[in-house]
Amino acid sequence: MSDDAILTIEALKADVAAEELGILKALDLQVCKGEVHAIMGPNGSGKSTLAKVLMGHPGYRPTSGRALFDGSDLLAMEPHDRARAGMFLAFQYPVEVPGVSIANFLRTSMQSRLKEGDDLDLFDFQDLLLDRMKLLEMEPSFAERSVNDGFSGGEKKRNEILQMAVLKPKLVLMDETDSGLDIDALKVVASGVNTLRQEDPDMAIVLITHYQRILDYITPDVVHVMVDGRIVRSGGPEVALWLEEEGYASWREAEEQAAAI
Amino acid sequence: MPNNELVEVLDLDQYKYDFRTDDKPVFRTEPGLSEDVVHAISAHKEEPEWMLEFRLKAYQLYLRKPMPTWGADLSDLENVLDQIYYYVRPQDRMKNSWEDVPDNIKTTFDKLGIPEAEQKVLAGVGAQYESEMVYHSLKKEWDEQGVIFDSIEDGLKNHPDIFRKYFASVIPPADNKFAALNSAVWSGGSFVYVPPGVHLDTPLQAYFRVNQERMGQFERTLIIIDEGAQAHYIEGCTAPVYSTESFHSGVIEIVVAKNARFRYTTIQNWSNNMYNLVTQRALVNERGTMEWLDGNLGSKATMKYPSCYLVGEEAHGSILSIAYAGDGQHQDTGGKVVHAASHTTSSIVSKSISKGTGRSSYRGLCKVYEGSTSARSNVECDALLINDTARTDTYPYIEIEEQSANVGHEATVSKIGDEQLFYLMSRGMSEEEAMALIVRGFIEPIAKQLPLEYAVELNRLIEIEMEGSVG
Ligand SMILES: Nc1ncnc2c1ncn2[C@@H]1O[C@H](COP(=O)(O)OP(=O)(O)O)[C@@H](O)[C@H]1O
Ligand SMILES: [Mg+2]
């Protein structure tokens, strides 16, 4: 195990909380500081489940295996402790919080990370927020809107990235952030992410995606292919290109053949 | 202007305090209610004969009217009513000692950051409010403009003509059982008169009236906003009012004259042994505007439906209300709008939050009389449930006799869901912080209408309430 590891997953199995579906099947993954890992796979292969299990969603439960985040036992932590420790999930389907402005939401998120009794400096916060919005080419008035309330798909995704840019995590799980973004918005988001990586070269990214497209702008160090709750192949960026041409079907076939033997 | 007959025709319904010290001997009536008690109250206040007669008549009405059975559970109330003191001179009520104030109340005060002197006032053990200076400079301003802002007792004493003209003109004793009771034994409350054309920028705040009777168990408030005048009245506070008494039944009557504009803001947070049954109603004349901003927290059972009787053409009424029902509490609240003239408009926005075994009911009436052409009304009530044990119901009564009326009603019930909580927690908020933020967002459309210091306190209070809501 590398000293540089930020996330280490070993033989992780996970399921939905109420049922036995066996969604994640003995998954292994190691992400080092500063690395970008892409996870690609067909719909229903368990990508979002992995992201939610790592963030601690109460609707899912790990059934065996383990996960270390920055040296701590991740699966034993509450979701908010994972967040405070530096993990961030950019949701595939961000949730609406009516009546709570983005600014207020982020201010509360920042405040919650401070020690009991410490108060967030509101001027510093305001500066940070405005700076991050500029980076992502957003109008300042965007921060006054209620979180995701009536947002277009693209606005929701950009809001996720804004939050990430403000909260400055150590590890980002981006769950299909690219879907729903047009090419211009995608470029803005990607360049924002790249700027954040420059600011903090240790920041690691697990980029869950369906399409090769975003990988043209955020270059992955490793590409994993996930099928039926397992990582079936890992490699360099060439894997993504190959996948784009061949599609997932051949992987499934290979899987089935392997299972039959 | 007010029109007794009209009010009776339109009749439909149903439903804290402060201190001063001086050296007069203790005065209070016997426990329980009788004609003698009514006599004693009136005599003690040295009232004119007509008021005594008014009280005695109201007492008879009270005896005859049945206990309402359609709202909150009042089955214990008869016992309470037999035992309470119907009149205690305000300065004698202050027999609580700081040691007797329950710890949870003190803790809440601390968390709200209320200074100790003020805490004592709220808890009924202190005497003074620090704002005496502020009050005196405002008082001068008001006097110059002819504005009357007095205790209800002084209103009767010093302004008998206006008082008598309007008193009980909006809410006659026969209106409902508790209006009858209040009419018989009322004590404390405010009397406000704003002369024609006067615009008051500074809100009239009940707590400015230092050293005067303010809120009583049977408070009675009468407010007259004369033609073209504008004012805002603020009553109450979000800090819990600790009281050894367990029954509060106020009557608040408001007359908004032609082209006048008035807002009444009240937030009350009663200790949870309290039955809180209040009748509050405004009569709104031609092109007048009345706005109720009503917040109800705490108490055992609250029944309170601010209402607007729109009796002049183009009159407008608006009711914004927030109710919070914690464990064991029932908030039966809502609003009533009665359209009795053409082109009248109204809106009700009601938000309730129920937690634990708390229950909130929205009870609203929208009535449009025949001939009130092109009346428009819109009702929106939203309930938020914090957990599975909480309960909410909606009882919208809509009675429309006018074809050209346009009435809309929309109700939603939502529950704080796992997805929402998880989303906030994934940003670093604890479950309690997440809940508090969701609740604050829910009430934000109303909270933003509040004076800033109230909004801040309300938010803080919600945070406190959400602590320990996670289990
Ligand atoms: N809450 C749930 N209840 C039941 N089945 C679920 C739930 N969440 C995910 N699944 C199932 O688990 C599998 C993986 O889903 P998901 O992780 O969302 O896939 P992906 O993100 O790769 O499209 C799918 O078959 C999906 O139907
Ligand atoms: Mg998914």
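Because the structure is predicted, anything quoted here is derived from the model rather than measured.

J.: For this particular structure, what's the right way to read the overall build of chain A?
T.: Across its full length, chain A holds 8 helices and 12 strands. A globule of 261 residues ought to have a C-alpha radius of gyration of about 18 Å, and chain A, at 18 Å, matches this closely. Oriented by its inertia axes, the alpha-carbon framework of chain A measures out at about 65 × 40 × 35 Å. Classification of the 261 residues of chain A by burial places 52% in the buried group. Contacts in chain A between residues at least 24 apart in sequence constitute 69% of all its contacts with a sequence separation of at least 6. Accessible surface for chain A amounts to roughly 11,600 Å². Of this, 48% is attributable to carbon and sulfur atoms. With 26 positive and 44 negative side-chain charges, chain A shows a separation of 2 Å between the mean positions of the two kinds.

J.: Which parts of the structure should I look at to understand the coordination of the magnesium ion (ligand 2)?
T.: Angles between donor atoms at a metal ideally measure 109.5 degrees for a four-coordinate tetrahedral arrangement and either 90 or 180 degrees for a six-coordinate octahedral one. All names here are of chain A. Every protein donor of the magnesium ion (ligand 2) is listed here as Ser48 (OG) and Gln92 (OE1), and their distances to the metal cover 2.0 to 2.2 Å. One end of the pair, serine 48, is in helix α1 (residues 47-55); the other, glutamine 92, is in the loop between β6 (87-90) and β7 (97-101), and 44 residues separate them in sequence. Overall, glutamine 92 belongs to the buried group, its relative accessible area being 14%.

J.: Explain the site of ligand 1 to me, please; I cannot follow it from the model alone.
T.: All names here are of chain A. Taken together, Val16, Leu21, Ile23, Pro42, Asn43, Gly44, Ser45, Gly46, Lys47, Ser48, Thr49 and Tyr60 make up the full set of residues near ligand 1. Residue glycine 46 places a main-chain N or O atom 3.0 Å away from an oxygen atom belonging to ligand 1. Protein contact buries 61% of the 550 Å² of open area that ligand 1 shows by itself. Here the shell around ligand 1 gets 3 residues from one element, more than from any other, and that element is α1. When the residues that make up the shell around ligand 1 are grouped by side-chain class, the tally is 5 nonpolar, 6 polar and 1 charged.

J.: Would you mind going over the packing of aromatic side chains with me for this structure?
T.: The way to describe two aromatic rings as a pair is by their centre distance and the angle between their planes. For the coordinates displayed, the defined rule picks out 18 aromatic pairs over all chains. Centroid distance Phe105(A) to Tyr423(B): 5.7 Å. Interplanar angle 25 degrees. Geometry classified as stacked. Taken together, the residues Phe105(A) in helix α3 (residues 102-112) and Tyr423(B) in helix α11 (residues 418-425) connect one chain to another. Across the pair, exposure class does not vary: Phe105(A) and Tyr423(B) are buried alike. Between Phe167(B) and Trp186(B), the ring centres sit 5.8 Å apart and the planes meet at 55 degrees, which makes this aromatic pair tilted. Here Phe167(B), found in the loop between α9 (160-166) and α10 (177-185), pairs with Trp186(B), found in the loop between α10 and β2 (190-194); they are 19 residues apart in sequence, far enough to count as distant. Exposure class is identical for Phe167(B) and Trp186(B). Each is buried. Counting every residue linked through ring pairs, the aromatic cluster contains Trp50(B), Phe54(B), Phe163(B), Phe167(B), Trp186(B) and Phe191(B). The residue whose ring lies beneath Arg233(A) is Trp242(A), and the NZ or CZ to ring-centre distance is 5.5 Å. Above the plane of the ring of Trp186(B) lies Arg55(B), whose end atom (NZ or CZ) is 4.3 Å from the centre.

J.: Got a minute to help me understand the pattern of salt bridges in this structure?
T.: Pairing between side chains becomes possible if they bear opposite charge and their charged atoms approach one another. With the rule as written, the count across this model stands at 28 salt bridges over all chains. The shortest N-O distance in the salt bridge between Lys139(B) and Asp143(B) comes to 3.3 Å. A residue pair is termed a helical-turn pair when its members lie 3 or 4 positions apart in one helix, as Lys139(B) and Asp143(B) do in helix α7 (residues 132-145) at 4 residues. On the accessibility criterion, Asp143(B) (46% relative accessible area) is partly exposed. Salt bridges sharing partners connect three or more residues here, namely Asp131(A), Arg132(A) and Glu199(A).

J.: Before we go on, may I ask you to explain the sheet that holds β6(A) in this structure?
T.: Strand pairing in a sheet takes place through backbone hydrogen bonds and is either antiparallel or parallel in direction. Residue and element names in this part refer to chain A. Here we have 6 strands laid out as an open sheet, ordered β6-β9-β10-β3-β11-β12, and mixed in their pairing. Strands with a single pairing partner mark the edges of an open sheet, and in this sheet they are β6 and β12 (230-235). Sheet twist, expressed as the average angle between the axes of neighbouring strands with direction ignored, equals 20 degrees. Examined bridge by bridge, strand β9 (residues 171-175) and strand β10 (residues 204-209) share 5 bridges and lie parallel to one another. Considered in β10, the bridge of leucine 173 is made with valine 206.

Parameters and conventions
- Residues numbered from 1 in each chain as written.
- Chains lettered and ligands numbered in written order.
- Predicted model: local features only at pLDDT ≥ 70, side-chain atom pairs only at ≥ 80, totals over all residues.
- Heavy atoms only, no water.
- Helix = DSSP H or I, 4+ residues; strand = E, 2+ residues; numbered from the N terminus.
- Rg over C-alpha atoms; globule rule 2.2 N^0.38 Å.
- Buried < 20%, exposed > 50% of the residue type's maximum accessible area, 1.4 Å probe, protein only.
- Contact = heavy atoms within 4.5 Å.
- Areas by Shrake-Rupley, 256 points an atom, 1.4 Å probe, with all protein chains shown as cover.
- Lys, Arg positive; Asp, Glu negative; His and termini not counted.
- Charge placed at Lys NZ, Arg CZ, Asp CG, Glu CD.
- Donors = N, O, S within 2.8 Å, 3.2 Å for Na, K, Ca; no water.
- Near = heavy atom within 4 Å.
- Polar contact = N/O pair within 3.5 Å; in protein donor to acceptor, adjacent residues only side chain to side chain.
- Nonpolar A, V, L, I, M, F, W, Y, C, P; charged D, E, K, R; others polar.
- Phe/Tyr/Trp six-rings, centres within 6.5 Å; stacked < 30°, edge-to-face > 60°.
- Lys NZ or Arg CZ within 6 Å of the ring centre and 35° of its normal.
- Salt bridge = Lys/Arg side-chain N within 4 Å of Asp/Glu carboxyl O.
- Pairing = 2+ DSSP bridges.
- Axes fitted to C-alpha atoms, helices over the stretch in contact; angles between N-to-C directions.

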